[in-house]
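One-letter residues, chain by chain:
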Amino acid sequence: MSNPIFFTIPLIAIPILYWAYTYPKNKYKQTNLVLYVHDNHTGDDKSAMTIAGKDGPTTSIMHFGTLLAHDAPVTLGPDPRSKEVGRAQGMYINSQLDGKALYMIFSIMFNNEDYKNSTLEIQGADPFVLKEREFSVVSGTGYFRFVRGYGIMTTEFLDIQNKRGIIKLNITVRHF
């Protein structure tokens, strides 16, 4: 009859060795980003437009049920001439009956050296009447594969008459 210790040692040692070998490779990295989205609904540098609403494409995003598509520059600073690092591409839907909140879903498509061809997928409510709003980072690609995170959004500049705004995104994500 063989000694049971010869069977027990491998059963304990193999999982421990596997964990010790793979654990350092699976550590999360944390990335913090501060980005600025420049939404312009008018002018030569227009980056957003109404797709549907109660009055058709002339409906203001401030009305419930309005759908807006945008492809806005994302920069490192609030100045529109600061370095562009990507584009915010997606949609806003005014989803609150009184018109004071949007549902947003968009991708930040990076085109800079650090994160070229990577994306962050943003989703959540934007009650824009609040000074600070929190949103979810639900997915990502490239450098941000398997990302999870959140962000704090603040309005840096808003010109309602000319339909222009600069939104600051302070993003914290964890990824491999």
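Quick note: structure is the one above.
Please read all numbers here as calculations on a predicted model, not as lab measurements.

Engineer: Is there a simple way to explain the overall build of the chain in this structure?
Structural biologist: Each helix and strand counted, the chain has one helix and nine strands in total. When its helices and strands are written in sequence order, the chain yields α-β-β-β-β-β-β-β-β-β. By the compact-globule yardstick of 16 Å for 176 residues, the chain is too spread out, its C-alpha radius of gyration being 23 Å. Dimensions of the chain, computed from C-alpha atoms along their principal axes, come out at roughly 90 × 35 × 25 Å. Evaluated residue by residue, the chain yields a buried proportion of 34% over its 176 residues. A fraction of 47% describes how many contacts in the chain between residues 6 or more apart in sequence connect residues 24 or more apart. When the accessible surface of the chain is totalled, it reaches about 10900 Å², and 60% of it is carbon and sulfur. Looking at charge distribution, the chain has the averaged site of its 18 positive side-chain charges lying 8 Å from that of its 16 negative ones.

Engineer: I'm lost on the nonpolar core in this one. Help?
Structural biologist: A general trend in soluble globular proteins is that nonpolar side chains are found buried together. One finds Ile108, Leu120, Leu169 and Ile171 to be the most contacted residues of the largest nonpolar core, which totals 28 residues. Elements with a contribution of two residues or more to this core: β1 (29–40), β3 (67–75), β4 (84–94), β5 (102–110), β6 (119–126), β7 (132–141) and β9 (164–175). Looking at which element gives the most residues to this core, the answer is β5, with five residues. Those residues in contact with isoleucine 171 that lie beyond four places of it in its chain are Thr31, Asn32, Leu33, Leu35, Ile108, Leu120, Phe135, Val137, Tyr150 and Gly151.

Definitions and limits used
The residue numbering used here restarts from 1 in each chain and proceeds along that chain's sequence as written. Confidence filtering applies because this is a predicted model: local features only for residues at pLDDT of at least 70, side-chain atom pairs given and counted only at 80 or more, and all residues used for totals across whole chains, interfaces and linings. Values shown for side chains rest on all heavy atoms present in the structure; no hydrogens or waters enter the calculation. By the criteria applied, helices consist of DSSP H or I runs no shorter than four residues and strands consist of E runs no shorter than two, each listed in order from the N terminus. For the radius of gyration, the atom set is restricted to C-alpha positions; the globular benchmark scales as 2.2 Å times the number of residues to the power 0.38. Accessibility here uses a 1.4 Å probe with only protein chains present; expressed as a share of the type maximum, an area under 20% marks a residue as buried, one over 50% as exposed, and anything in between as partly exposed. Residues count as neighbours in contact if any of their non-hydrogen atoms are within 4.5 Å of one another. Accessible surface area values rest on a Shrake-Rupley calculation with a 1.4 Å probe, where residue burial reflects the displayed protein chains alone. Only four residue types enter the tally: Lys and Arg on the positive side, Asp and Glu on the negative side, with His and both chain ends excluded. Note that the charge is assigned to NZ on lysines, CZ on arginines, CG on aspartates and CD on glutamates. Nonpolar cores are built from buried Ala, Val, Leu, Ile, Met, Phe, Trp, Tyr and Cys residues. Side-chain atoms within 4.5 Å join them into one set.

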